[in-house]
Amino acid sequence: MIYLDNAATTSVSEEVFEAMKPYFCEQYSNPSAVYSFAGQSMKAVDEARARIAELIGAQPNEIYFTAGGSESDNWAIKAAAEANAKKGKHIITSTIEHHAVLHTCQYLEKQGFEVTYVNVDEYGVVKLDELKAAIRPDTILITIMAANNEIGTIQPLKEIGEIAKEHDILFHTDAVQAYGHIPLNVDELHIDMLSASGHKFHGPKGIGFLYIRKGVRVGSFIHGGAQERSRRAGTLNTPGIVGVGAAAAQAARTLDENLKKETQLRDYLIRRVLEEIPYSRLNGDPVKRLPGNANFCFRFIEGESLLILLDQKGICASSGSACTSGSLDPSHVLLAIGLPHEIAHGSLRLTLSEDTTKEDIDFTVDELKKIVERLRSMSPLYEDFLKQGGK
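Worth saying up front: this structure is predicted, and the values here are computed from it rather than measured.

### Comments concerning the environment of asparagine 258
Positionally, asparagine 258 belongs in helix α9 (residues 238–276). A residue is classified by how much of its surface remains accessible, and asparagine 258, at 15% relative accessible area, is buried. Asparagine 258 sits 97 residues away from aspartate 355 along the chain, and the two C-alpha atoms are 9.4 Å apart.

### As for the pattern of salt bridges
Here the structure, examined in full by the defined rule, presents 19 salt bridges. Between arginine 253 and glutamate 15 there is a salt bridge, with the nearest N and O atoms lying 2.7 Å from each other. Linking arginine 253 in helix α9 with glutamate 15 in helix α1 (residues 14–20), this pair joins segments that are 238 residues apart in sequence. Across the pair aspartate 362 and arginine 272 runs a salt bridge, and its minimum N-O distance is 2.9 Å.

### Some thoughts on the nonpolar core
Of all hydrophobic cores here, the largest spans 60 residues; its most connected members are Ile56, Ile142, Tyr179, Leu184, Leu194 and Phe209. Tallying contributions element by element places α9 first for this core, with 6 residues. When neighbours within four sequence positions are excluded, isoleucine 56 is seen to be in contact with Ile63, Tyr179, Leu184, Asn185, Val186, Leu194, Phe209 and Tyr211. Membership of the second largest hydrophobic core comes to 27 residues, among which are Leu265, Leu269, Val372 and Leu375.

### A few points about the sheet that holds strand β9 (residues 280–283)
Adjacent strands of a sheet form backbone hydrogen bonds with each other and so pair up, either parallel or antiparallel. What the 3 strands build is an open sheet, ordered β9-β10-β12; its pairing is antiparallel. The open sheet has two free edges, formed respectively by β9 and β12 (347–351), since each of these has just one partner strand. When strand polarity is set aside, the average angle formed by the axes of neighbouring strands in this sheet is 30°. As defined by bridge partners, strand β10 (residues 293–298) adjoins β12 across 5 bridges and the pair is classed as antiparallel. Bridge pairing in β12 places alanine 294 opposite leucine 350. In the packing of α9 onto the sheet, contacts are made with β9, β10 and β12, and the angle to β10 comes to roughly 10°.

### Concerning the packing of helix α4 (residues 69–83) against helix α5 (residues 99–110)
Across the interface, α4 lies against α5 with an axial gap of 9 Å and an inter-helix angle of 30°. When the axis of α4 is compared with that of α5, the two are roughly parallel. For the element pair α4 and α5, the recorded crossing hand is right-handed. On the side of α4, the interface is formed by Ser70, Asp73, Asn74, Ile77, Lys78 and Ala81, while α5 contributes Ala100, Val101, Thr104, Tyr107 and Leu108. Each residue belonging to the contact of α4 with α5 can be placed in one class, and the counts come to 6 nonpolar, 3 polar and 2 charged.

### Let's talk about empty space enclosed by the protein
Under the definition given, this model contains 3 cavities of 30 Å³ or more. Approximately 160 Å³ is the volume attributed to the largest cavity. Along the wall of the largest cavity there are 17 residues; nearest its centre are Asn6, Ala7, Gln177, His181 and Leu352. Considering only residue class, the lining of the largest cavity consists of 5 nonpolar, 9 polar and 3 charged. Estimates place the volume of the second largest cavity at around 120 Å³. Around the second largest cavity sit 14 residues that line it, and Gly180, His181, Thr254, Asn258 and Glu354 are the ones nearest its centre.

### Thoughts on unusual backbone geometry
Unusually for a residue other than glycine, serine 230 sits at a positive phi of about 65°. Along the polypeptide, serine 230 turns up in helix α8 (residues 227–230). Unlike most non-glycine residues, tyrosine 279 shows phi in positive territory, near 55°. Take tyrosine 279: its relative accessible area is 33%, and that puts it in the partly exposed class.

### Some thoughts on the sheet that holds strand β7 (residues 193–197)
Strand order across the open sheet formed by 7 strands is β2-β8-β7-β6-β5-β3-β4, with mixed pairing between neighbours. In the strand order of this sheet, the two ends are held by β2 (63–66) and β4 (114–118), each with one partner. On average, each strand axis in the sheet is inclined to that of its neighbour by 20°, with strand direction left out of account. Pairing of strand β5 (residues 139–143) with strand β6 (residues 170–174), which is carried by 3 bridges, proceeds in the parallel orientation. What sits directly across from isoleucine 142, in β6, is phenylalanine 171. In the packing of helix α3 (residues 36–55) onto the sheet, contacts are made with β2 and β8 (208–212), and the angle to β2 comes to roughly 110°. α4 contacts β2, β3 (90–94), β5, β6, β7 and β8 of the sheet and is inclined by roughly 160° relative to β7.

Cut-offs used in this document
Residues numbered from 1 in each chain as written. Predicted model: local features only at pLDDT ≥ 70, side-chain atom pairs only at ≥ 80, totals over all residues. Heavy atoms only, no water. Helix = DSSP H or I, 4+ residues; strand = E, 2+ residues; numbered from the N terminus. Buried < 20%, exposed > 50% of the residue type's maximum accessible area, 1.4 Å probe, protein only. Salt bridge = Lys/Arg side-chain N within 4 Å of Asp/Glu carboxyl O. Core = buried A, V, L, I, M, F, W, Y, C linked by side-chain atoms within 4.5 Å. Contact = heavy atoms within 4.5 Å. Pairing = 2+ DSSP bridges. Axes fitted to C-alpha atoms, helices over the stretch in contact; angles between N-to-C directions. Parallel < 35°, antiparallel > 145°, perpendicular 65-115°, else oblique. Left-handed = near helix turned anticlockwise from the far one by under 90°. Nonpolar A, V, L, I, M, F, W, Y, C, P; charged D, E, K, R; others polar. 1 Å grid on protein atoms, 1.4 Å probe; cavity = no way out; pocket = protein on both sides within 12 Å on 5 of 7 lines; lining within 4 Å. Points joined across faces, edges and corners; volume = space filled by probe spheres on them.

Written out as structure tokens, the structure reads:
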């Protein structure tokens, strides 16, 4: 099997798995209890919190554990809206956000909030002039993702953060695809809240965190006990927390090396596809993109057919976000960057990890060429296109 869907999830690394194991059957205490047995678990939780914070230049007491990126996004946006409703009810986001953000904003619109959806350019970069123009006296939150989960475009976070700070507006970023893969510093980027999920950088599933800058007024999301400094009730998932902490430590140690390797391999993949498969295009910014992300559109074919035939060759890929894999509609991200429906339907996302090899890429491209050729040979649209002289 060749796994090229690392944006959907990553494998738990051996280092992370080994770190987690003792906290299932041996050190199984509830960290919130008062006896010394529980104190060992709380110490492990505190160490994980520190490792996670260090990777983004935060303080450990600014990290709050959640069940994953979607919960973190929901918490940040809903709690910020609720806490600042007296100041205003206007929120700014972009048209290419993950549905955890878009659907949360749509929920708030039903509660009386107003949301402005800022457009992006052809590469998926948020239009800063539109962002500035959208700001109103009652704007309380800007939520823009760090990097897009489908096309890999990295957003100008520093510029957005400076705009937000200048207007005294909270700035939240969904960094689920970026944390552990590219350098991030919450102070340098003026980020007030940041969401991340462990399984995107070789940690376990079902665990994530929300960074909340000290002094930012947001309330609890889950009510009950006094865990997470009374901001997120529920017994702490000690094995998961230890795992995401170990993954953060591993990411900090290997970030530069992996970034360089994945970028080189990604560019090799992109070059081969664009040079060897006619009527293909790269989606997203050619330079300012996640190191492991390559997203293409192939004219005259359906992305779903591509995935099925790639799977038959042992290649795992996707046509966009794993969260919308059951949808028949074309990607909202591809439509937002200006692609027509018929081209957006023929998309393919290949996402690499540090374990991906050049041989994996070569095999994938060789098979992809055959598959695209086969599918086009059955396409009436492609036949008509050729009859018209390829115009």
